[in-house]
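If you want the building blocks of each chain, they are given just below.
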Amino acid sequence: MEGKHILMILGVIILTVAPLVMFNGHGEDDGYFGGSDDQAGGAIVELTGQSEDQIVWFHSIWEPPSGEIESLLFALQAAIGAIIIGYFLGYSKARKEYIN
C-alpha cells in the first residue's frame, strides 16, 4: 500500500474514534444526541400552553433504549439509502457507456 492510502485510513479511523472518545459517557440528559423533534415539541408546548400528552399523534411501536442507538439506526438507514442510490446511478452511467 502506498503512503497516501495509509494516511487516509488513519484519518478515517481518527475521525471515527475521536467523537466516541470526546462524548464518552454523555447522553440525552446532558444535551447531546438531541434532535429537532425534541426542540419542536418543546416549542409547541411553550407556545400553545398544552401538555405534551395532548399533542401526541402517534406512539412508537418500539423505542430504542438510548439516543445513541436511535442515531445509529438513523445513520444506518441513510447509508443503506445512499448505497441504493449510488448503485443505480453507477449502473445507469455504466450502461450508457457500454451501449454507446
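Residues numbered from 1 in each chain as written. Predicted model: local features only at pLDDT ≥ 70, side-chain atom pairs only at ≥ 80, totals over all residues. Heavy atoms only, no water.

Enquirer: In this structure, what is going on with the overall build of the protein? I would like to understand it.
Expert: When helices and strands are counted, the protein shows 4 helices and 0 strands. Starting at the N terminus, the α and β elements of the protein follow one another as α-α-α-α. Every one of the 100 residues in the protein was classed for burial, and the buried ones make up 4%. For the protein, the exposed surface amounts to about 9,300 Å²; the carbon and sulfur share of it is 64%. (Helix = DSSP H or I, 4+ residues; strand = E, 2+ residues; numbered from the N terminus. Buried < 20%, exposed > 50% of the residue type's maximum accessible area, 1.4 Å probe, protein only. Areas by Shrake-Rupley, 256 points an atom, 1.4 Å probe, with all protein chains shown as cover.)

Enquirer: Just checking my understanding: could you explain the packing of aromatic side chains for this structure?
Expert: Both the distance between ring centres and the angle between the ring planes are used here to describe each pair of aromatic rings. Within this structure, the stated rule accounts for 2 aromatic pairs. Judged by centre distance (5.2 Å) and plane angle (80°), the rings of tyrosine 87 and phenylalanine 88 are edge-to-face. The class of tyrosine 87 is exposed, set by a relative accessible area of 52%. Between the aromatic rings of tyrosine 87 and tyrosine 91, the centroid separation amounts to 6.1 Å while the plane-to-plane angle is 20°, which identifies the pairing as stacked. Taken together, the residues span about one helical turn, with tyrosine 87 and tyrosine 91 both in helix α4 (residues 67-99) at a distance of 4 residues. One aromatic cluster is present, built from ring pairs that chain together Tyr87, Phe88 and Tyr91. (Phe/Tyr/Trp six-rings, centres within 6.5 Å; stacked < 30°, edge-to-face > 60°.)

Enquirer: Explanation requested: the confidence of the model for the protein in the structure shown.
Expert: As a note on interpretation, predicted positions should not be read in detail where pLDDT is low. Scored by pLDDT, the protein comes out at a mean of 83, with 83% of its residues at no less than 70. No element of the protein has a lower mean pLDDT than helix α3 (residues 52-55), which averages 62, and none a higher one than α4, which averages 92. (pLDDT = per-residue confidence, 0-100.)

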